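# Residue-level structure breakdown
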Amino acid sequence: QVQLVESGGGLVQPGGSLRLSCLASGIIFSTTVMGWYRQAPGKQRELVAAFFIGAATTYHYADSVKGRFTISRDNTKNMMYLQMDSLKPEDTAVYYCMRRQRGQDYWGQGTQVTVSS
């Protein structure tokens, strides 16, 4: 029904920046949650940043990324972004975009982000 495709991952040195993009295609309905998650080997998938959409839109960032990451969207293009600045080695993970609509969660395939010298 909905396909999500992430892009923008790669290898970057500590202190560098990356911008991840997520394109949604297919049958699009109003969403209640859109966000980015990440998962490192041997660790649980964790929420990084998200929109919670209702009468008003609220935002959530994991404490570990506050002040460094910024989530945004462009509804006209069905795009969502994650701007990542001041990257640290502990940010290394596979990053996934997620969209919830009509009670069902949709996930992208993930994009690898590696922060290393």
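Note on placement: Arg99 falls in strand E9 (residues 93-101). Lacking a salt bridge, the buried Arg99 has Asp105 as its closest oppositely charged neighbour, with an N-O distance of 9.8 Å. Of note is the side chain of Arg99, whose polar atom sits 2.9 Å from the side chain of Gln101. In this view, Arg99 contacts Val2, Leu4, Ile28, Phe29, Ser30, Thr31, Val33, Met34, Gln104, Asp105 and Tyr106; residues no more than four positions away in its chain are not counted.

Enumeration according to the criterion identifies one disulfide in this entry. Residue Cys22 pairs covalently with Cys97 via a disulfide, S to S 2.1 Å. The chirality of the disulfide connecting Cys22 with Cys97 is right-handed, given an S-S dihedral of about 55°. Of this pair, Cys22 sits in strand E3 (residues 18-26) while Cys97 sits in strand E9, and the two are 75 residues apart along the sequence. Judged by relative accessible area, Cys22 falls into the buried class, the value being 4%.

Across five bridges, strand E5 (residues 46-53) lies against strand E6 (residues 57-61) in antiparallel orientation. What sits directly across from Phe51, in E6, is Tyr59. Between E5 and E6, which pair antiparallel one after the other, the connecting turn spans three residues.

On to the pairing of strand E10 (residues 104-107), then. Two strands pair when backbone bridges link them, and E9 and E10 are joined in this way by four bridges, in the antiparallel orientation. Looking at E10, one finds that Arg99 is bridged to Tyr106. Taking the residues between adjacent antiparallel strands as the criterion, E9 and E10 are bridged by two residues, where Arg102 takes a positive phi near 50°.

Here the focus is the sheet that holds strand E8 (residues 79-84). In spatial order, the strands read E1-E3-E8-E7; together these four strands make up an open sheet with antiparallel pairing. Unpaired on one side and paired on the other, strand E1 (2-7) and strand E7 (69-74) mark the two borders of the sheet. Between one strand axis and the next, the sheet turns by 15° as a mean value, whatever way the strands run.

This paragraph deals with the pattern of salt bridges. Enumeration according to the criterion identifies five salt bridges in this entry. A salt bridge links Arg38 to Glu46; its shortest N-O distance comes to 2.8 Å. With a relative accessible area of 6%, Arg38 lands in the buried category. For Glu46, a relative accessible area of 32% translates into the label partly exposed. Between Arg100 and Asp105 there is a salt bridge, with the nearest N and O atoms lying 2.6 Å from each other. Here the salt bridges share partners, and the residues they tie into one network are Arg38, Glu46, Arg68 and Asp91.

The rules behind these values
Residues numbered from 1 in each chain as written. Predicted model: local features only at pLDDT ≥ 70, side-chain atom pairs only at ≥ 80, totals over all residues. Heavy atoms only, no water. Helix = DSSP H or I, 4+ residues; strand = E, 2+ residues; numbered from the N terminus. Buried < 20%, exposed > 50% of the residue type's maximum accessible area, 1.4 Å probe, protein only. Lys, Arg positive; Asp, Glu negative; His and termini not counted. Salt bridge = Lys/Arg side-chain N within 4 Å of Asp/Glu carboxyl O. Polar contact = N/O pair within 3.5 Å; in protein donor to acceptor, adjacent residues only side chain to side chain. Contact = heavy atoms within 4.5 Å. Disulfide = S-S within 2.5 Å. Pairing = 2+ DSSP bridges. Axes fitted to C-alpha atoms, helices over the stretch in contact; angles between N-to-C directions.

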